Amino acid sequence: MTNAIYLATIEPYTGKSLVSLGLVEMILRKTPRVGVFRPVIRGSRERRDKNIDLLLAHYNLDQDYHDTYAFTRTEAAYLISHGRYDEALDKVIQNYKALEEDYDFILVIGTDLEGVGALFEYDINADIARNLGTPVLLVGTAANREIETVVSTVSLSVDHYLDRGCQIIGTIINRAAEGQVRMLRGALQEELGDKSPFISVIPANQVLRSPTVREIGEFLGADVLYGEQHLDRLAFDYLVIAMQLPHFLSHFTDNALLITPGDRCDVILSALQAHLSQNYPQLTGILLTTEQRPPASVRKLLDGLDNVLPIIAVPMDTYDTAVQIGDVRSYLTGDNRAKIDLSLKLFEDYVDVATLESHLSTARPRAMTPKMFIYNLLQQARSDKKHIVLP
């Protein structure tokens, strides 16, 4: 049985946190000695990786954060751009092998494939997985895509990893439309055959993909004016309010965040009333734009209310705010138990855990790569205090 698995995304924003949670949950049923390793993290050494933090915090893994990765993205890019790619790979192997001594199983999580250099990261993930000798579990997304597009993308990715000498253990597609799940799984099985022995498709979930007002505020750098105790409310939708009162009320939807200029007191007050009315949907909050803010008389009214909806404010104009808010991503965090529980339920409901475990138990390491051979040889020399001359 293999003692590791390489979780590799085939594109950005695949919902790999859900899959990594499910995998660690599954592995912990077999052994408590589970480690996490990311060859490259997106943030800095001061700004902790969200995916790693989630797993360490939720499962209380016995692992120091600084042992969970080899490089930041900036550090790795510097080495590679200066012709030191082999040095980077050697460091990844060294860090990974150090973890092997302390843990029975290691979940390796590949890069995020976001931004400039994503295509090159694709090759890096394959090279690392091959050199570590870990079977690869691919993760993709079906969000807002036709079945044919998803199948084509996954097929190209599977062939890419196989061509680089990797062992594919399976593929999980996340965020599929509810009505697509069965058809997409069948289409993938027909297209991939033995290339990907294990295939699962997980449907999209509105709760998981919806950011909180807190996440939106942090992304935009917004000031919190009211409702700080309700910042964890989820925003299912965004509505830019430009109409007059008689017209915009009919456009309200459940858990919508309203975006409107800061001088639209009519929107603020009517939204708060509509939220309390049984005849209108429950709202998530209000995002005020431009430099304008509610006048003193309106602030006095709001100050006297209990449980006011979250009202946050940014200095940008409404158009720029509406554009930027489309880039807000919701992340699973260790303190959001509701989203974690929902993620684990989706994994259990749509991933055949018994079959996946069976494939893991029968997976065997591939032939040792030259880099791994040299590493093992040097380690043996150090332990035996011998001098080895390499060609």
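Structure first, text after, so check above.
Nothing here was measured: the structure is a model prediction, and the numbers come from that model.

### Brief notes about the environment of Pro203
Then comes step 1: Mapping Pro203 onto the fold places it in strand S7 (residues 199-203).
Then comes step 2: The spatial distance from the C-alpha of Pro203 to the C-alpha of Ala176 is 4.4 Å, given a sequence separation of 27 residues.
Then comes step 3: Sequence-distant contacts of Pro203, defined by excluding residues within four places in its chain, comprise Asn174, Arg175, Ala176, Glu178, Val181, Leu346 and Tyr350.

### As for the environment of Ile27
Then comes step 1: On the secondary structure map, Ile27 appears in helix H1 (residues 16-28).
Then comes step 2: On a C-alpha basis, the gap between Ile27 and Gln206 in space is 27 Å, while along the polypeptide they are 179 residues apart.
Then comes step 3: Once you skip the residues sitting within four places of it in the chain, Ile27 turns out to touch Val34 and Phe105.

### Here's the deal with the nonpolar core
Then comes step 1: One finds Val136, Leu184 and Leu188 to be the most contacted residues of the largest nonpolar core, which totals 45 residues.
Then comes step 2: Contacts of Leu184, omitting those with residues within four sequence positions, involve Ala142, Ile147, Val150, Val151, Ile173, Ala176 and Val201.

### Considerations on the pairing of strand S3 (residues 69-72)
Then comes step 1: Of the pairings in the sheet, the one linking strand S2 (residues 34-41) to S3 comprises three bridges and is parallel in character. Bridging from a neighbouring strand, Val40 pairs with Phe71 of S3.
Then comes step 2: What joins S2 to S3 is helix H2 (residues 50-59), and the crossover it makes is right-handed.

### Thoughts on a negative patch on the surface
Then comes step 1: A contiguous patch of negative charge on the surface is contributed by Asp62, Asp64, Asp67, Glu101 and Asp102.
Then comes step 2: The residue Asp64 is located in the loop between H2 and S3 in this model.

### Focus on the sheet that holds strand S10 (residues 256-261)
Then comes step 1: In spatial order, the strands read S8-S12-S11-S10-S9; together these five strands make up an open sheet with mixed pairing. With one partner strand each, in any of the chains shown, strand S8 (223-226) and strand S9 (237-240) form the two edges of the open sheet. The sheet shows a mean angle of 25° between the axes of neighbouring strands, direction not considered.

### Focus on helix H11 (residues 265-276)
Then comes step 1: When the terminal C-alpha atoms of H11 are compared, their 17 Å separation across 12 residues agrees well with the 16 Å that a helix rising 1.5 Å per residue should span.
Then comes step 2: Here H11 has its buried residues at Cys265, Val267, Ile268, Ser270, Ala271, Leu272, Ala274 and His275.
Then comes step 3: If you follow the buried residues of H11, they end up packed against helix H10 (245-248), S10, strand S11 (285-289), helix H12 (296-303) and strand S12 (311-313).

### Let's talk about the pattern of salt bridges
Then comes step 1: Enumeration according to the criterion identifies 19 salt bridges in this entry.
Then comes step 2: Across the pair Glu87 and Arg84 runs a salt bridge, and its minimum N-O distance is 2.8 Å.
Then comes step 3: Classification of Glu87 as partly exposed rests on a relative accessible area of 40%.
Then comes step 4: Judged by relative accessible area, Arg84 falls into the partly exposed class, the value being 31%.
Then comes step 5: Two residues, Asp232 and Arg214, come together in a salt bridge whose shortest N-O distance is 3.1 Å.

### Considerations on the side chain of Arg264
Then comes step 1: Position of Arg264 relative to the elements: it lies in the loop between S10 and H11.
Then comes step 2: In this structure Arg264 comes out as buried when scored by relative accessible area, which is 13%.
Then comes step 3: Contacts of Arg264, omitting those with residues within four sequence positions, involve Ile241, Ala242, Met243, Gln244 and Phe248.

### What about the packing of helix H9 (residues 213-220) against helix H13 (residues 318-325)?
Then comes step 1: Contact geometry of H9 with H13 gives a least axis separation of 11 Å together with a crossing angle of 115°. The handedness of the crossing between H9 and H13 is right-handed. Packed against H9, whose contacting residues are Ile216, Phe219 and Leu220, the element H13 presents Thr321, Gln324 and Ile325 at the interface.

### Digging into unusual backbone geometry
Then comes step 1: Positive phi, normally seen in glycine, also occurs at Tyr13, with a value near 55°.
Then comes step 2: Within the secondary structure layout, Tyr13 lies in the loop between strand S1 (4-9) and H1.
Then comes step 3: The backbone phi angle of Asn255 is positive, close to 60°, even though this residue is not glycine.
Then comes step 4: Within the secondary structure layout, Asn255 lies in the loop between H10 and S10.
Then comes step 5: Note on Asn255: relative accessible area 22%, which makes it partly exposed.

### A look at the sheet that holds S1
Then comes step 1: Across the sheet, which stays open at both edges, the seven strands sit in the order S3-S2-S4-S1-S5-S6-S7 with parallel pairing between neighbours. Pairing within the sheet leaves two strands with one partner each, and these edge strands are S3 and S7. When strand polarity is set aside, the average angle formed by the axes of neighbouring strands in this sheet is 20°.
Then comes step 2: Sheet topology places S1 next to strand S4 (residues 105-109); four bridges connect them, and they run parallel. Looking at S4, one finds that Ile5 is bridged to Leu107.
Then comes step 3: Each of S1, S2, S3 and S4 is contacted by helix H4 (residues 85-100), which is oriented at about 150° to S3, the strand it contacts most.

### Brief notes about the side chain of Thr31
Then comes step 1: Following the sequence through the fold, Thr31 ends up in the loop between H1 and S2.
Then comes step 2: Leave out the neighbours within four places in its chain, and Thr31 touches Asp104 and Phe105.

Rules behind the numbers
- The numbers attached to residues start from 1 for each chain and follow its sequence in the written order.
- Given that the model is predicted, a residue must reach a pLDDT of at least 70 before its local features are reported, and side-chain atom pairs must reach 80 or more before they are shown or counted; all residues, however, enter totals for whole chains, interfaces and linings.
- Excluded from the side-chain calculations are hydrogens and water; all other atoms, namely the structure's heavy atoms, are used.
- Helix and strand definitions follow DSSP, with helices as H or I runs of at least four residues and strands as E runs of at least two, each counted in order from the N terminus.
- Note on definitions: a residue-residue contact is assigned when non-hydrogen atoms from the two residues lie within 4.5 Å.
- The set of buried Ala, Val, Leu, Ile, Met, Phe, Trp, Tyr and Cys residues whose side-chain atoms join them within 4.5 Å is what this entry labels a nonpolar core.
- Between buried and exposed lies partly exposed: a residue is buried under 20% and exposed over 50% of the maximum accessible area for its type, with that area taken using a 1.4 Å probe on protein chains only.
- Each pair of strands is called paired provided DSSP finds at least two bridges between the two strands.
- Every crossover in which the path from the first strand over the helix to the second runs clockwise, viewed with the strands pointing away from the viewer, is termed right-handed.
- Patch criteria: residues need more than 30% relative accessible area and no salt bridge. Like-charged residues are merged within 9 Å; nonpolar side chains of Val, Leu, Ile, Met, Phe, Trp and Tyr are merged within 5 Å.
- Note on areas: Shrake-Rupley, 1.4 Å probe, and residue coverage restricted to the protein chains presented here.
- Any carboxyl oxygen of Asp or Glu within 4 Å of a side-chain nitrogen of Lys or Arg constitutes a salt bridge here.
- Lys and Arg are tallied as positive, Asp and Glu as negative. Neither His nor the chain termini are counted.
- In this description, the location of a charge corresponds to atom NZ of lysine, CZ of arginine, CG of aspartate or CD of glutamate.
- Here an axis means a line fitted to C-alpha atoms, over the contact stretch when the element is a helix, while the angle between two N-to-C directions is reported on a 0 to 180 degree scale.
- Helix span is expected to be 1.5 Å times the residue number reduced by one.
- For a crossing to be left-handed, the near helix must be turned anticlockwise from the far one by less than a right angle; the clockwise case is right-handed.

Honestly, that's just the spatial picture; any functional story needs more than this.
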